[in-house]
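Report on the structure
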Amino acid sequence: MLTTGPRGTKDILPDSSGHWQYVEKIIREVCHNFAYQEIRTPVFEHTELFLRGIGDTTDIVEKEMYTFTDRAKRSITLRPENTASAVRSYLENKLYSGPQPTKLFYIGPMFRYDRPQAGRYRQFHQFGIEAIGAEGPAIDAEVISLAVAFLNKLGLSDLKLLINSVGCPQCRPVYRAKLQEFFQDKRAHLCSDCQSRYDRNPMRILDCKNETCAKYSQGAPHMLDCLCEECGSHFAGLQELLTAAGISFVINPRLVRGLDYYTKTAFEIQYSPLGAQSAVCGGGRYDGLIAECGGQPTPGIGFAIGIERVLLALEKQALLPSINTAIDVFVAPLGTEARAVAFQLLTELRYAGIAADMDFMNRSLKAQMKYANKYPAKFVALIGEDELAAQKVMVKNMDTGSQELIARTALVPMILEEMEK
Ligand SMILES: [Zn+2]
Ligand SMILES: [Zn+2]
């Protein structure tokens, strides 16, 4: 137990943390381009928020939440996603009183007690955005465009954007009744989850992964045929904007989001080289959520992207950059007496903003030179007996092999000058 992490968790080690930093850097650049600002909410919230905000008939809430009672007997849940928390924060901090829409992005760990499988963890990471306060289709198009821009910037170009409309509280009941009618005589053949979905949320039968359910849902009526006038023109408006922006899409009437609060636009971006786990981004409009959480009725839309999934795709396509561990100077003392001077020089270099390191293992000269090449280091500053006595340092350029004996005090200015080149 002491040397094994909990099931479904994974350490991000130094040999890959640079890849995470790279993806996070692209996220920040793209969000800045689209004028979204970062929000950081706590990793735990009152359980009630997720019961309300995600819907207690969803798999997440029914089976996958990390819920516990704290010492004051409050029910606390580790966030399984970030939308409900963002909405809670939007209401608590009255973000609606600023200029609208409120455009937020987040990066961070989420927690679901899921069956661990390839690329899926119980602590996993998401990048997502939320645009709260705008109701027209233009913000939907912007949100989708941001997701596409992010994935394209990483070099993932073989993307497939699927869109659908899941209607609104006016038109969805009509569709729901039609679906129940369609499944009425097929109900007994569906999986046990879908049998209970039949009454509570029949739309979710359409995205059941069970093969039998998929077979029996063939020919089911489409939400798109039942949209009210408002939902219909919203969906048409979205298509028009995406087309104008040159973002290609496919309408997939079977795309229903697993969460109850979604309205109108639902979308997914697939990256087919990932095979069975090809969905890298899922999102949609949630016009019912803010009122559900106790606020004034306010429209909102967002998406979430699994960072592990994105990294897997980048790795498959050899799109991950090499991790830069290079330093400017490696300080190499020879003998015990040179060590104090070496440490002094090392400190001066670092305080001057120069990336530097030194030998801490009493290596031989040969081993130190070899070690310096591992970073690699651009320069090695050697301090042997002669250099020590003369208050000098031998600077070796590791690219050219040339050496120069200089005064100790000249080292920092010399390196700074080299860095300017
Ligand atoms: Zn509608
Ligand atoms: Zn099913």
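Check the entry above for the structure.
The structure contained in this document is the topic of the report that follows. Since we're looking at a predicted model, the values are computed, not measured.

Parameters and conventions
Residues numbered from 1 in each chain as written. Chains lettered and ligands numbered in written order. Predicted model: local features only at pLDDT ≥ 70, side-chain atom pairs only at ≥ 80, totals over all residues. Heavy atoms only, no water. Helix = DSSP H or I, 4+ residues; strand = E, 2+ residues; numbered from the N terminus. Expected span 1.5 Å × (residues − 1). Buried < 20%, exposed > 50% of the residue type's maximum accessible area, 1.4 Å probe, protein only. Arc of directions from axis to C-beta. Contact = heavy atoms within 4.5 Å. 1 Å grid on protein atoms, 1.4 Å probe; cavity = no way out; pocket = protein on both sides within 12 Å on 5 of 7 lines; lining within 4 Å. Points joined across faces, edges and corners; volume = space filled by probe spheres on them. Nonpolar A, V, L, I, M, F, W, Y, C, P; charged D, E, K, R; others polar. Donors = N, O, S within 2.8 Å, 3.2 Å for Na, K, Ca; no water. Tetrahedral: all angles 85-135°; square planar, octahedral: opposite > 155°, others 65-115°. Pairing = 2+ DSSP bridges. Axes fitted to C-alpha atoms, helices over the stretch in contact; angles between N-to-C directions. Core = buried A, V, L, I, M, F, W, Y, C linked by side-chain atoms within 4.5 Å.

**Let's talk about helix α9 (residues 229–244)**
Taking 1.5 Å of rise per residue, 16 residues should cover 22 Å, and α9 covers 22 Å from first to last C-alpha, within 8% of that figure. All of the buried residues along α9 are Cys231, His234, Phe235, Gly237, Leu238 and Leu242. Buried residues of α9, seen end-on, are gathered within an arc of 160 degrees and therefore sit on one face of the element. Opposite the buried face of α9, by more than 90 degrees, sit the exposed residues Glu229, Glu240, Thr243 and Ala244. Of the surrounding secondary structure, the elements contacted by the buried residues of α9 are α5 (137–153), β7 (159–165), β8 (250–251), β9 (263–271) and β10 (279–285). Residue Gly246 follows α9 closely and has a positive phi angle near 75 degrees.

**Brief notes about the layout of surface pockets**
In this structure, the second largest pocket occupies an estimated 310 Å³ of space. What lines the second largest pocket is a set of 15 residues, and nearest its centre among them are Lys10, Trp20, Glu308, Leu311 and Glu315. Where the lining of the second largest pocket is concerned, the elements lending two or more residues are α1 (14–33), β6 (123–132) and α11 (307–316). For the lining of the second largest pocket, the class distribution of residues is 6 nonpolar, 5 polar and 4 charged.

**Notes on the coordination of the zinc ion (ligand 1)**
Reference values for coordination geometry: four tetrahedral donors around a metal ideally subtend 109.5 degrees, six octahedral donors ideally subtend 90 or 180 degrees. Distances from the zinc ion (ligand 1) to its protein donors, Cys168 (SG), Cys171 (SG), Cys228 (SG) and Cys231 (SG), fall within 2.2 to 2.3 Å. Taken together, the 4 donor atoms surrounding the zinc ion (ligand 1) define angles of 101 to 114 degrees at the centre, an arrangement classified as tetrahedral. All donors to the zinc ion (ligand 1) come from one chain, and their sequence spacing reads C-x2-C-x56-C-x2-C. Placement of the pair is Cys171 in the loop between β7 and α6 (172–183) and Cys228 in the loop between α8 (211–216) and α9, with a sequence separation of 57 residues. Classification of Cys171 by relative accessible area gives buried; the value is 2%.

**Examining the sheet that holds strand β15 (residues 392–397)**
Strand order in this open sheet of 5 strands is β13-β12-β14-β15-β16, and the pairing throughout is mixed. On the outer flanks of this sheet lie β13 (356–358) and β16 (403–407), each paired with one strand and no other. Adjacent strand axes in the sheet meet at a mean angle of 25 degrees when their direction is disregarded. With 4 bridges joining them, strand β14 (residues 377–383) and β15 adopt antiparallel strand pairing. What sits directly across from Ala381, in β15, is Val395. In the packing of helix α12 (residues 338–351) onto the sheet, contacts are made with β12 (327–333), β13, β14 and β15, and the angle to β13 comes to roughly 165 degrees.

**Examining the nonpolar core**
Ranked by internal contacts, the top residues of the largest apolar core, which has 80 residues, are Tyr36, Phe127, Phe150 and Phe303. Element by element, the count of residues in this core is highest for α5, at 9 residues. Leaving out residues up to four positions away in the same chain, Tyr36 has contacts with Cys31, Lys103, Leu104, Phe105, Ile129, Glu130, Ala131, Ile139, Glu142, Val143 and Leu146. Val341, Leu346, Val412 and Met414 belong to the second largest nonpolar core, which has 21 residues in total.

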